[in-house]
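Spelled out, the chains give:
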Amino acid sequence: CYLVEKSSIRNSNPLHAAFLSSVPEVLGTMSAFYKTKPLTSAFVTCAIKASAADVVAQTAETSLSSEGMDPEQVGISKRRNLAFFMYGGIYQGLAQEVIFNQIFPALFGEGSAIS
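Structural notes, computed from the coordinates. In this convention, every chain numbers its residues from 1, walking through the sequence in written order. Side-chain atom pairs in this predicted model are given and counted only at pLDDT of 80 or more, local residue features only at pLDDT of at least 70, and totals for whole chains, interfaces and linings cover all residues. Derived side-chain values reflect all non-hydrogen atoms in the structure, with water molecules and hydrogen atoms excluded from consideration.

A few points about the side chain of E97
Next up, step 1: Numbering of helices and strands starts at the N terminus; helices are DSSP runs of H or I of at least 4 residues and strands are runs of E of at least 2. Mapped onto the fold, E97 is located in helix α4 (residues 78-108).
Next up, step 2: For E97, which is buried and forms no salt bridge, the nearest opposite charge comes from K49, at a distance of 12 Å. Burial classes follow relative accessibility: with a 1.4 Å probe on protein chains only, a residue under 20% of its type's maximum area counts as buried, one over 50% as exposed, and anything between as partly exposed. His residues and chain termini do not enter the charge count, which takes Lys and Arg as positive and Asp and Glu as negative. Here a salt bridge means any side-chain nitrogen of Lys or Arg lying within 4 Å of a carboxyl oxygen belonging to Asp or Glu.

Describing the pattern of salt bridges
Next up, step 1: Following the criterion strictly, the structure yields two salt bridges and no others.
Next up, step 2: For D54, the salt bridge is made with R80, and the minimal N-O distance between the two is 2.7 Å. Residue D54 is located in helix α3 (residues 38-65), and its partner R80 is located in helix α4; the two are separated by 26 residues in the primary sequence.
Next up, step 3: Take D54: its relative accessible area is 2%, and that puts it in the buried class.
Next up, step 4: On the basis of relative accessibility, which here comes to 31%, the residue R80 falls in the partly exposed class.
Next up, step 5: For R80, the salt bridge identified is with E61, shortest N-O distance 3.3 Å. Taken as a pair, R80 in helix α4 and E61 in helix α3 lie far apart in primary sequence, 19 residues in all.
Next up, step 6: For E61, a relative accessible area of 44% corresponds to the partly exposed category.
Next up, step 7: When salt bridges with common partners are traced through the structure, they connect D54, E61 and R80 into a single cluster.

Quick notes on a nonpolar patch on the surface
Next up, step 1: Patches here are clusters of residues that have more than 30% relative accessible area and form no salt bridge, with a 9 Å joining cutoff for like charges and a 5 Å cutoff for nonpolar side chains (Val, Leu, Ile, Met, Phe, Trp, Tyr). Accessibility throughout is a Shrake-Rupley quantity obtained with a 1.4 Å probe, and a residue counts as covered only by protein chains that appear here. A contiguous nonpolar patch, built from V26, L27, M30, F33, Y34, V44 and I48 and spanning about 610 Å² of accessible area, is present on the exposed surface.
Next up, step 2: Of all elements in the fold, only α2 (14-36) and α3 reach the threshold of two or more residues within the nonpolar patch.
Next up, step 3: It is α2 that contributes the most residues to the nonpolar patch, five residues altogether.
Next up, step 4: Within the fold, Y34 resides in helix α2.

Structural notes on the side chain of D54
Next up, step 1: What qualifies as a polar contact is a pair of N or O atoms within 3.5 Å, subject to a donor-acceptor requirement within protein and to the restriction that residues adjacent in sequence count only when both atoms come from side chains. In terms of polar contacts, D54 uses its side chain to reach the side chain of Q58, at 2.5 Å.
Next up, step 2: D54 has contacts with R80, N81 and F84, leaving out every residue within four places of it along the chain. Any two residues whose heavy atoms approach within 4.5 Å at even a single point are treated as in contact.

Focus on the packing of aromatic side chains
Next up, step 1: Any Phe, Tyr or Trp ring, taking Trp's six-membered ring, that has another such ring centre within 6.5 Å forms a pair; planes under 30 degrees apart are called stacked, those over 60 apart edge-to-face, and the others tilted. For the structure shown, the criterion picks out five aromatic pairs.
Next up, step 2: Between F43 and F85, the ring centres sit 6.0 Å apart and the planes meet at 85°, which makes this aromatic pair edge-to-face. Of this pair, F43 sits in helix α3 while F85 sits in helix α4, and the two are 42 residues apart along the sequence.
Next up, step 3: Judged by its relative accessible area of 21%, F43 is partly exposed.

Structure, rendered in structure tokens:
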């Protein structure tokens, strides 16, 4: 673990200090967004994660199988990535938000304590 004295960070680079001073405000804004717009935030978060995961998978798949392939076949499939984006947003984001945070509490009650 590498420890750095806070004063040395503040004095070392004005851009770094400005960035660090804006972090609490950005995190507060993000927190408010997630609390006030749960469906929108669930869609956005899960859609971006699914799309990014697909880009990683397609990149790995392309690098493993690109030898001997036609150059037009190598690359990221935008159609496939859009499908992952929509699936991630609609099912993993919206549907799971509703199922776990609205339907389950209505069926089984609030809380997680075992009675």
